[in-house]
Each structure stands twice: as C-alpha cells, then as structure tokens.
Amino acid sequence: MNNISYRLATADDLKALLHLENTCFSNTRLSERSFKHWLKAAHGILWVAQNRPNQNESPSMHNPLVGYALAWCHKGTRLARIYSLAVLPSATGQGIAQQLMHQLEQACFTLGYLHLRLEVAKNNAAAIALYTKLGYRVFGEYCDYYEDHTDALRMQKGIKVVQGFEPLNVTPWYQQTTDFSCGPASLLMAMASQNAAIALEQNHELDLWREATTIFMTSGHGGCHPIGLALAAKKRGFDAIVSLNTQQPLFINGVRNENKKNIMTVVHNQFVAQAQQNAITLAYNELTQGQLQAWLDDGYAVIILISTYRLDGKKIPHWVTLTHIDERCLYVHDPDLDEAHQLAIDCQHLPIARLDFEKMSAFGSEKLRTAIAIKKTRT
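All values derive from a computational prediction rather than experimental measurement.

Details of the pattern of salt bridges
- Per the counting criterion, the structure on display carries 15 salt bridges.
- In this structure, Asp356 and Arg78 form a salt bridge, with 3.1 Å as the shortest nitrogen-oxygen distance. One end of the pair, Asp356, is in helix α11 (residues 354–360); the other, Arg78, is in the loop between β3 (65–73) and β4 (79–87), with 278 residues separating them in the sequence.
- Accessibility expressed as a relative area gives 24% for Arg78, which makes it partly exposed.
- Between Asp207 and Arg210 there is a salt bridge whose closest N-O contact spans 2.4 Å. You can see Asp207 and its partner Arg210 sitting in helix α6 (residues 202–212), 3 residues apart, about one turn around the helix.
- Of the residues examined, Asp207 reaches a relative accessible area of 31% and is grouped as partly exposed.
- Here Arg210 falls in the exposed class, since its relative accessible area comes to 54%.
- Overlapping salt bridges, with partners in common, bring together Arg81, Glu119 and Asp346 in one network.

Considering unusual backbone geometry
- With a phi angle near 75°, Ile215 is a residue other than glycine that sits in the positive phi range.
- As for its position among the elements, Ile215 is in the loop between α6 and α7 (226–235).
- By relative accessible area, which is 41% here, Ile215 ends up partly exposed.
- With a phi angle near 55°, Ala279 is a residue other than glycine that sits in the positive phi range.

A short note on the pairing of strand β14 (residues 370–376)
- By the criterion of burial, β14 is predominantly enclosed, with 5 of the 7 residues buried.
- Two strands pair when backbone bridges link them, and strand β8 (residues 238–244) and β14 are joined in this way by 7 bridges, in the antiparallel orientation. Directly across from Val242, in β14, lies its bridge partner Ile372.
- Sheet analysis places strand β10 (residues 301–307) next to β14, joined by 4 bridges and oriented antiparallel.

With respect to the nonpolar core
- In terms of nonpolar packing, the biggest core is built from 52 residues, with Tyr68, Ile96, Leu100, Cys108, Tyr131 and Tyr136 touching the most fellow members.
- Take this core: its biggest share by element is 8 residues, from β3.
- Excluding residues within four positions of it along the chain, Leu100 makes contact with Tyr6, Trp47, Val48, Ala49, Gly67, Tyr68, Ala69, Leu85, Ala86 and Val87.
- Among the nonpolar cores identified, the runner-up in size contains 51 residues, and Leu187, Leu208, Met217 and Leu250 belong to it.

Here we look at the sheet that holds β4
- The mixed open sheet is built from 7 strands, whose spatial order is β1-β2-β3-β4-β5-β7-β6. Single-partner strands in this sheet number two, and they are β1 (4–8) and β6 (137–142). With strand direction ignored, the average angle separating the axes of adjacent strands in the sheet is 25°.
- Alignment of β4 against strand β5 (residues 115–121), held across 3 bridges, turns out to be parallel. Counterpart to Ala80 in the pairing with β5 is Leu116.
- Here helix α2 (residues 32–40) sits on the sheet and contacts β2 (44–51), β3 and β4; the angle it forms with β3, its principal contact strand, is near 65°.

Thresholds, definitions, all that
Residues numbered from 1 in each chain as written. Predicted model: local features only at pLDDT ≥ 70, side-chain atom pairs only at ≥ 80, totals over all residues. Heavy atoms only, no water. Salt bridge = Lys/Arg side-chain N within 4 Å of Asp/Glu carboxyl O. Helix = DSSP H or I, 4+ residues; strand = E, 2+ residues; numbered from the N terminus. Buried < 20%, exposed > 50% of the residue type's maximum accessible area, 1.4 Å probe, protein only. Pairing = 2+ DSSP bridges. Core = buried A, V, L, I, M, F, W, Y, C linked by side-chain atoms within 4.5 Å. Contact = heavy atoms within 4.5 Å. Axes fitted to C-alpha atoms, helices over the stretch in contact; angles between N-to-C directions.

Rendered as structure tokens:
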C-alpha cells in the first residue's frame, strides 16, 4: 500500500476512470457522461487510488489509476451513499478498497454527513466481508436488483460516533406516482406499517388524494389537508390525532386568487366539522420533537409536513413518513424519488439532524407545523 497514493479525482482522470470501469465491471457500468457529471457535481465525492512513481521514473511519466470510490450526498439530510467502488483485479490484496472507503467516510463526515449506505450483490462474499469489517451492517434486501437478476443487500454504517439505528416499526416504502400525491403516499406507508393488508398501489393513492385534497394550491393540483388525510385514515380503521399550530385555514397565504382562497376556506371548515363528527382529535399546539417521540413510543405511525427548501431549494409543502428518532436525527421515508439520480434506498429512513428538522418542519411565512399520528383501531 506504500506504493499507492490517494487523492480527489480531477477532469484529467476521465480516461483512466473509464478504463477502470470497463475493466472491473461487465454490467451496469458508469458511462463517460456519468463520470463527467460526478466530477463536477457539488453533491458527489470521487476519490482515486494511483500508483506512485518508482525512483527510476520521471515525475512526468504516466502512473495509472488502480481504483476509485464515489459517494453521493443527499442534500438536506445527513445521508450519503457509496455509489460505486472499483479496484483493478491486478491491484487487489493491497488494502486499496479499504483505504478508499476510509477516504470517502472522512470526506463525508467532514461535510456533516453521519450515515453511509450502499448496495452489494448478495453473492459477492468478498465485498460483503470488506464492508462488514469496516462496520457496515445489513438492514434490508432488494430482490432481482441487478441486470443479471442477482439480489442485493442494503448495508449502512454510522460514521464516527453514530452507531446506526433500529427502526421502531417496519415501515414499507412507497413511491408517489404523481407530483401532487406525497400526502396519500406517506399515509399509505404509515397505515401499511400497522396493517399489512393496506394496498400500496396507485388506485388507493389517488382515492386518498380525492378524499383529502384542498382542491387548490398556489399552483397546479391541490395538495392534501392534514385533517383530510386523518379523515381518510379514520375511514380505513385508524384512530387519528392531528397536530396544528393554527386554527386558520391552511395554505392560503400563497394563493392570490380570492375565489381559490374562498374555496380552500370552505374545504378547511368542512374538514374541521367532519373531524369533530368522527372523533378525530385536533390538537392545536406547537408541534415538538418530544411529541413525535411520544407518539412513536405509544405505537402510533406518524406523517409530517415539511418544506422542501433544504432538500431541493424549492419552498413546497411535502409530506413524509416518520420512521425513527434518536439523539441526533429524525428518520423519514420520503415518497418522492428523483429517478434520474436516486435509488429507492436514498429515500428510506433518511437521517435529518434535529436542528435541520426543526427548520424544515416549519412551512411558509406563517411557519405552519402539522403532523398526523394514526393507530389501528382496536376491534
């Protein structure tokens, strides 16, 4: 390993990176376009391992790359993912993969990320042994994940002092199928965590949206009202509590059209009246992380409204499903998958630092905080 140096990749490494990729992998290779993207991406970290020049070599002589490791950092969260790791077959046995992983972990931790995740073929015993040695542990599995139909294990490591997590409930992940149905998708995940018979499918998702929609929003299709979602859960056999820090009609501050505001106000008042008729608890108070923890401890499933500003730079209301809380982070399932850059693993149990979450969970100029806690009704 003394003959190997490690550094961040540069644009001059493109040709060598492609050679590495084509030598190490026969399927699912990163393209030249992908490498160009990651070499420039602010949310990417790409380290390379390179042969040091021998004493009789000129400093100008070419010294090839023998390995690389790439991490993708999830904006607005404390999660990063090992996107790819490669070492030339001729260079194995020198600890290069392990050192590249250490470099990535240190770089991610320096940037404030606390958790690293990866996927590895279930039949790749050598890689699994390496990751296990480095402290990664299995927390899930993907069936038929790779092009050759091989299954993949999902592994995670808490960097430095953070030691991973044990979700309190097994919460299935579901991807929203429209731009406007994050609320129904999040509610489906919450309900399915308590009742395996809940169908995680588009027809159910759209039914929930029709039942809970505000009809209008600032633009586009209407979003989902927290009380409307609670009513939909009640209809399906769940007790529900809605936490709101205001009794005013929701989401109308950003709407300029008076007719739309009036309609949204009517819908809000209808939901409030229906909640009272259906024994849904409306708790008008300032939502705290302590309350969220208490709900989880009491066996409730919880969905929360956040602002996406810290995730994508847009100030959009967005529902997510809470899966766990520890001393440093809150963990959520995000139903919105960016298929161009993400895998499903990137949207599951997302770790969000407590301070970041405190800011993220206040939406709009009125700082709306709202969440819904549901529990399967005892029969």
